[in-house]
Amino acid sequence: MTKSFDFSPAAIAQLAHADVARALAEDVGTGDLTAGLIAPDQGASAHVLARETAVVCGQAWVQAAILALDPQAHIRWHVQDGGRCEANQVVFEVQGRAQALLTAERTALNFLQLLSAVATKTATYVAVVAGTRAAIVDTRKTLPGLRLAQKYAVRCGGGTNHRIGLYDAVLIKENHIAAAGGIAQVLQQAAKMAKEADFVEIEVETLEQLAQALDAGARMVLLDNMSVPHLHEAVRMNAAKANPAILEISGGVTLNGLRALAETGVDRISIGTLTKDVQATDYSMRFETLAGTPA
């Protein structure tokens, strides 16, 4: 059994509920003073527009935010998670108590704009490597407390998740190698805990280190900041082995050079900017009608 998050609909719903509870506590505190100006039984209908083309992500978080404040609210989605919306397209409509919609609006849109931004950026990178064997992979460079949400968004954009945290996989880096006394030694130690991890991966910076890692039985190797010619040679070296390892690229990956990296024949390209450097997708909520105003 793996330790990684399973990203099932039930697990996502539970995750969204917990994320939203923290966000609402932060935003609402002891109560929404401005929404308190509206009569409690005032009803409203509203819709949310996308102001730009995007891959939509965050449905569970939007629903958790609205339903936490109005369990009877009705939400109708026009674009599902992973679907693409165009500028000025209605993404979802909602009917419920006006107070609840006003209070939930910012929390709901904060999640929607962040997660859509991650999904959209991921989809852009995935499109560039289409036709190669390379998968686009995320990293642990996520917003504290929102890692699982952002990793879900990467999936919605067509990307692949790396390890969730320090607990579910082994990723051996330069300092681990130095502390253990060398590549062969650290891989020998890692083999003892392989059953507890989803995978064991070792990072190398040179072709010499790659050769040592492959000779020591490495099954997954991270090629850090290697030049394109060296990456081609790394792929050739790995392919010559009877049981080739999974090769992953990391470090300094940009959109402009992405296709050339993918065409070296590596299996994975991990990119921190998928979750670290994103510009929020622009969404806007607009009220349409009011109903149920007290006499």
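Everything discussed here concerns the structure shown above.
Residues numbered from 1 in each chain as written. Predicted model: local features only at pLDDT ≥ 70, side-chain atom pairs only at ≥ 80, totals over all residues. Heavy atoms only, no water.

(A) Representation of the environment of Gly217. Counting through the fold element by element, Gly217 comes out in the loop between helix H7 (207–215) and strand S9 (220–224). On the basis of relative accessible area, Gly217 is assigned to the partly exposed category, the value being 44%. (Helix = DSSP H or I, 4+ residues; strand = E, 2+ residues; numbered from the N terminus. Buried < 20%, exposed > 50% of the residue type's maximum accessible area, 1.4 Å probe, protein only.)

(B) Structural view of the packing of helix H1 (residues 9–28) against helix H3 (residues 98–128). Between H1 and H3, whose axes approach to 10 Å, the crossing angle comes to 130°. In terms of orientation, H1 lies oblique with respect to H3. You can see that H1 and H3 cross each other, and the crossing is right-handed. Together, Asp19, Val20, Ala23, Leu24, Asp27 and Val28 of H1 and Thr103, Arg106, Thr107 and Phe111 of H3 make up the contact between the two elements. For the contact of H1 with H3, the residue count by class is five nonpolar, two polar and three charged. (Axes fitted to C-alpha atoms, helices over the stretch in contact; angles between N-to-C directions. Parallel < 35°, antiparallel > 145°, perpendicular 65-115°, else oblique. Left-handed = near helix turned anticlockwise from the far one by under 90°. Contact = heavy atoms within 4.5 Å. Nonpolar A, V, L, I, M, F, W, Y, C, P; charged D, E, K, R; others polar.)

(C) Fine view of the packing of aromatic side chains. Under the definition given, this model contains three aromatic pairs. Ring centres of Trp61 and Tyr152 lie 5.6 Å apart, and the angle between their planes is 40°; this geometry places the pair in the tilted category. On the criterion of sequence distance, the pair formed by Trp61 in helix H2 (residues 59–69) and Tyr152 in helix H4 (residues 147–156) is long-range, its members being 91 residues apart. For the pair Trp61 and Tyr152, a shared accessibility class is recorded, and that class is buried. (Phe/Tyr/Trp six-rings, centres within 6.5 Å; stacked < 30°, edge-to-face > 60°.)

(D) Highlighting a nonpolar patch on the surface. Residues Leu102, Phe287 and Leu290 make up a contiguous nonpolar surface patch of about 260 Å² in total accessible area. On the basis of relative accessibility, which here comes to 33%, the residue Leu102 falls in the partly exposed class. (Patch = residues over 30% accessible without salt bridge, like charges linked within 9 Å, V, L, I, M, F, W, Y side chains within 5 Å. Areas by Shrake-Rupley, 256 points an atom, 1.4 Å probe, with all protein chains shown as cover. Salt bridge = Lys/Arg side-chain N within 4 Å of Asp/Glu carboxyl O.)

(E) Spatial organisation of the sheet that holds strand S8 (residues 200–204). Spatial strand order, S6-S11-S10-S9-S8-S7: six strands in an open sheet with parallel pairing. Two strands bound the open sheet, and with one partner strand each, they are strand S6 (135–137) and strand S7 (170–172). Each neighbouring strand pair of the sheet contributes to a mean axis angle of 25°, computed without reference to strand direction. Here S8 runs beside S9; their pairing, made up of three bridges, is parallel. Across the sheet, residue Val204 finds its bridge partner in S9, namely Leu223. (Pairing = 2+ DSSP bridges.)

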